[in-house]
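Commentary on secondary and tertiary structure
In case you want the letters, here they are:
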Amino acid sequence: MPELVKNRSEILFLYDVKDANPNGDPVDENKPRIDEETGATIVTDVRLKRTIRDYLYDYKGQEIFIREIRKEDGSLKTKEERLNDFADSSIIERCIDIRLFGCTTAVENRTITLTGPVQFKYGRSLHKVDLTYIKGTTVMPSATGRQQGTFTERYILPYSLIVFYGVVNEKAATTQNIPLTEEDIDLMLEGMWNGTKNLISGSKFGQMPRILLQIVYKEGLNFYIGELDKLISLKSEIPDEAIRDISEVKIDVTKLIDTLAKYKDKIEKVRVKVDDRVRLIRNGEEIDLKSALSGFTVEELTF
């Protein structure tokens, strides 16, 4: 019997994008979403959850409720038809995305309103980005009667280092009778890392996971630090918009390590995965993250 989640935890996830579009805005020519005030990239939590869902369904054989299913006539299944695939008592047990992220849907006499135990803020880049417009051509005419190909156009980011922050709230699971398990969380973390790397499409190819942290607190504590994404920063000797590779930056984790040390007595363990190309600094000096966390119980994520 899989072990149910009993501990609050926080998640910090960094990945970068090179010559790609991490999250297009459909009402603005599918341009990457950018904060006009700060110049930072914005990636919605919905995009990250889509990445996780697709990975868990395509690669891990998990049942996903919110996914595109086409019928024999080519039309998409409706919510009502999708709900009819499950008995009332089985949908939560069978669908890992509902156990993780919850679900709100109402169709005729069936209503599901569950607040997901796992919640993510919008992802943001740690620096200003350079929005680039690319124009090209196709060799095939776009319609009958035309004799030549057409122009193509897209907006990309030459580089963006993005951070996501999330919380696993064990109370949201228990109070709603959601059987969220430790295995579910492990699969989700794997989906964040490997799912991001496996988005091999025209707009997403060029994404690489760089750092994944899970701070697991001791059981029974109604506590978490909060805003871990505010405790890291990017350092570079070149202007933000000129950055083109992870090798051109260092990630300052001084505040993060110091804050974790402050609340060490509340932390059960820290789970980590760091890409080999990442350079981290603390108080101006390059460090190895696992060594910097030597005072904690550290578990390396091995997917």
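In what follows, the structure referred to is the one given above.
The structure contained in this document is the topic of the report that follows. (Residues numbered from 1 in each chain as written. Predicted model: local features only at pLDDT ≥ 70, side-chain atom pairs only at ≥ 80, totals over all residues. Heavy atoms only, no water.)

On to the overall build of the protein. For the protein, the helix and strand inventory stands at 8 helices and 18 strands. Taking 303 residues into account, the globule formula puts the C-alpha radius of gyration at 19 Å, and the protein, at 21 Å, falls close to it. The C-alpha extent of the protein, read off along each of the three principal axes, is 70 × 55 × 35 Å. Here the protein holds 303 residues, and 48% of them are scored as buried. Contacts in the protein between residues far apart in sequence, at least 24 positions, make up 73% of those at least 6 positions apart. By element, 47% of the accessible surface of the protein is carried by carbon and sulfur atoms, the whole surface being about 15,800 Å². Here the protein contributes 45 positively and 51 negatively charged side chains, and the mean placements of these two sets differ by 0 Å. (Helix = DSSP H or I, 4+ residues; strand = E, 2+ residues; numbered from the N terminus. Rg over C-alpha atoms; globule rule 2.2 N^0.38 Å. Buried < 20%, exposed > 50% of the residue type's maximum accessible area, 1.4 Å probe, protein only. Contact = heavy atoms within 4.5 Å. Areas by Shrake-Rupley, 256 points an atom, 1.4 Å probe, with all protein chains shown as cover. Lys, Arg positive; Asp, Glu negative; His and termini not counted. Charge placed at Lys NZ, Arg CZ, Asp CG, Glu CD.)

It is worth spelling out the sheet that holds strand β17 (residues 285-287) at this point. Strand order across the open sheet formed by 4 strands is β13-β14-β16-β17, with mixed pairing between neighbours. Every interior strand has two partners, whereas the edge strands, β13 (233-235) and β17, have only one. Strand-to-strand twist in this sheet, taken as the mean axis angle between neighbours without regard to direction, amounts to 45 degrees. Inspection of the sheet shows β13 paired to strand β14 (residues 250-252) by 3 bridges, in the antiparallel sense. Within the sheet, the bridge partner assigned to L234 lies in β14 and is I251. (Pairing = 2+ DSSP bridges. Axes fitted to C-alpha atoms, helices over the stretch in contact; angles between N-to-C directions.)

All right, on to the environment of L231 then. Tracing the backbone shows L231 in the loop between β12 (207-217) and β13. With 225 residues separating them in the primary sequence, L231 and K6 have C-alpha atoms 26 Å apart. If near-sequence neighbours (up to four positions away) are discounted, L231 is found in contact with D252, K255, L256 and T259.

The full count for this structure, using the stated rule, is 27 salt bridges. When the shortest N-O distance is used, the salt bridge between E63 and R82 registers 3.1 Å. Placement of E63 in the loop between α1 (45-60) and α2 (79-83) and of R82 in helix α2 is noted, with a sequence separation of 19 residues between them. Owing to a relative accessible area of 6%, R82 belongs among the buried residues under this scheme. One network of salt bridges, with partners in common, ties together E63, R67, K77, R82 and D85. (Salt bridge = Lys/Arg side-chain N within 4 Å of Asp/Glu carboxyl O.)

The subject of this paragraph is the pairing of strand β11 (residues 160-168). Of all 9 residues in β11, 9 are buried; the element is thus mostly enclosed. Bridge analysis of strand β7 (residues 118-120) against β11 gives 3 bridges, and the strand direction is antiparallel. The residue of β11 that forms the bridge with F120 is G166. Two elements, strand β8 (residues 123-128) and β11, share 2 bridges in a ladder whose sense is antiparallel. Bridge pairing in β11 places R124 opposite V163.

The next thing to look at is the state of the cysteines. Inspection of the entire model under this criterion finds 0 disulfides. Of the cysteine sulfurs around C95, a residue in no disulfide, the closest is that of C103, at 8.7 Å. In this structure C95 comes out as buried when scored by relative accessible area, which is 0%. A residue is classified by how much of its surface remains accessible, and C103, at 7% relative accessible area, is buried. (Disulfide = S-S within 2.5 Å.)

Right, let's talk about α1 for a bit. Taking 1.5 Å per residue as the helical rise, α1 with its 16 residues ought to reach 22 Å, and the 21 Å between its terminal C-alpha atoms agrees with that figure. Within the sequence span of α1, burial applies to D45, R47, L48, K49, T51, I52, R53, Y55 and L56. G61 sits one or two positions beyond α1 and adopts a positive phi of about 70 degrees. (Expected span 1.5 Å × (residues − 1).)

Our focus in this paragraph is the pairing of β12. The element β12 is extensively covered by neighbouring structure, given that 10 of its 11 residues are classed as buried. Note: strand β1 (residues 9-17) against β12, 9 bridges, orientation antiparallel. Along β12, the bridge assignment pairs Y15 with P209.

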